[in-house]
Amino acid sequence: MAQDMTLLWGSGSPPCWRVMIALEEKKLQGYDQKLLSFEKMEHKSQEVLDINPRGQLPSFKHGDTIVNESYAACFYLESQFKSQGNQLIPDSPAEQALMYQRMFEGLTFYEKLNAVIYYNWFVPEGERHDSALKRNKEALATELKLWDGYLQKLGSGTYLAGPSFSLADVTVFPTVATVFRFGLSAERYPKLGEYYALLKERPSIKASWPPHWLENTKGQDTLKDI
C-alpha cells in the first residue's frame, strides 16, 4: 500500500509534517518520498508542478489519486485505511465535534503564526511597518492564550479533542512545535508547554521530526517576548 504512495515535502513545513504524522499513525511507512528545499525554490520545480499545479508542498500521490492539501490528505488517509494503525477520528460525537472544531481553528492559529515569523518573507521591504508587525504579534498572543485555555479546560495529559489522540493533534501539533522552535516561553503558556512535551515523545512525531531541527537544536528567538 505505502509503496504506491509518493510524498514530496519540505523540512519544518507544518503542512508537510501533518501528512507525515498521519502516514506514521496509519502504519504506512516505506512510501516513496523526496525532501525538497524551499530555499532553492525546488517546490516550484516541474517535478512538483506535475503533481501540484500550485507549486506547493506537500505534494502527495497514492496510485493515480492526488491529494495535495494537507488536511485533505489526512482525512483521505484515515478514510482509506480506517482499520489500519491508530484510529484518528473518535467514535464519541462530542469528541468528534471538538476534533473538527479544533482542526479548523488550527488553520487560524497557523495563519497568525506565519504573519509573525514570516513577516519579512511575505511583506516587501518598502511595505513593512513596525506597527503592523506589532499588531500581528498581539493577534498571535491572543491566539496562544486561547489554545492554552482550551487545554486548561480539558485538564492535564489530554489531547486537543479529549482523551484520544486524533486528527486535531495530527494537524495542529506541527504549529505548536513551531511556536516553541521559534522561542515561545513554556512558562508563559504552561498548558501549551505541557501538551508539546507530551506529544513530542509520541513515536509518529519523533519518526517525522524535521531533520534540520535535529541537526540544529537551537531554533530561533522570534517569539521569546510574545
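All values reported here derive from a predicted model rather than from experimental measurement.

A.B. asks: Honestly, the UniProt feature "domain: GST N-terminal" (unreviewed entry) in the chain in this entry has me stumped. Any pointers?
C.D. replies: In this numbering, the UniProt entry assigns the feature "domain: GST N-terminal" (unreviewed entry) to residues 3-85. Between the first and last C-alpha atoms of residues 3-85 the distance is 16 Å; the span itself is 33% helix and 20% strand.

A.B. asks: Looking at this model, I keep getting lost on the environment of Ser13. Mind explaining?
C.D. replies: Examined against the element boundaries, Ser13 turns out to sit in the loop between strand S1 (5-10) and helix H1 (14-25). Overall, the relative accessible area of 9% leaves Ser13 in the buried class. As a C-alpha pair, Ser13 and Pro210 span 197 residues in sequence and 8.2 Å in three-dimensional space. Those residues in contact with Ser13 that sit more than four places away from it in its chain are Phe38 and Leu57.

A.B. asks: Explain the sheet that holds strand S4 (residues 65-66) to me, please; I cannot follow it from the model alone.
C.D. replies: The four strands lie next to each other as S2-S1-S3-S4, forming an open sheet whose pairing is mixed. If you trace the sheet from one side to the other, it starts and ends with strand S2 (32-36) and S4, each paired once. By the bridge criterion, five bridges tie S1 to S2 in an arrangement that is parallel. In the sheet register, Thr6 faces S2, and the bridge partner there is Asp32.

Rules used throughout
Numbering of residues begins from 1 in every chain and follows the order in which that chain's sequence is written. Where local features are concerned, this predicted model is filtered to residues with pLDDT of at least 70; where side-chain atom pairs are given and counted, the filter is 80 or more; whole-chain, interface and lining totals use all residues. Computation of side-chain values: all heavy atoms of the structure, hydrogens and water removed. UniProt positions are given in the numbering used here, feature names are shortened, and annotations may be inferred rather than shown by experiment. Under the DSSP-based scheme used, a helix requires at least four consecutive residues in state H or I and a strand at least two consecutive residues in state E, with every element numbered from the N terminus. Burial here depends on accessible area, computed with a 1.4 Å probe over protein chains only, as a share of the maximum for the residue type. Under 20% is buried, over 50% is exposed, and the range in between is partly exposed. For this analysis, residues touch if any pair of their heavy atoms sits within 4.5 Å. Two strands qualify as a pair provided DSSP detects at least 2 bridges between them.

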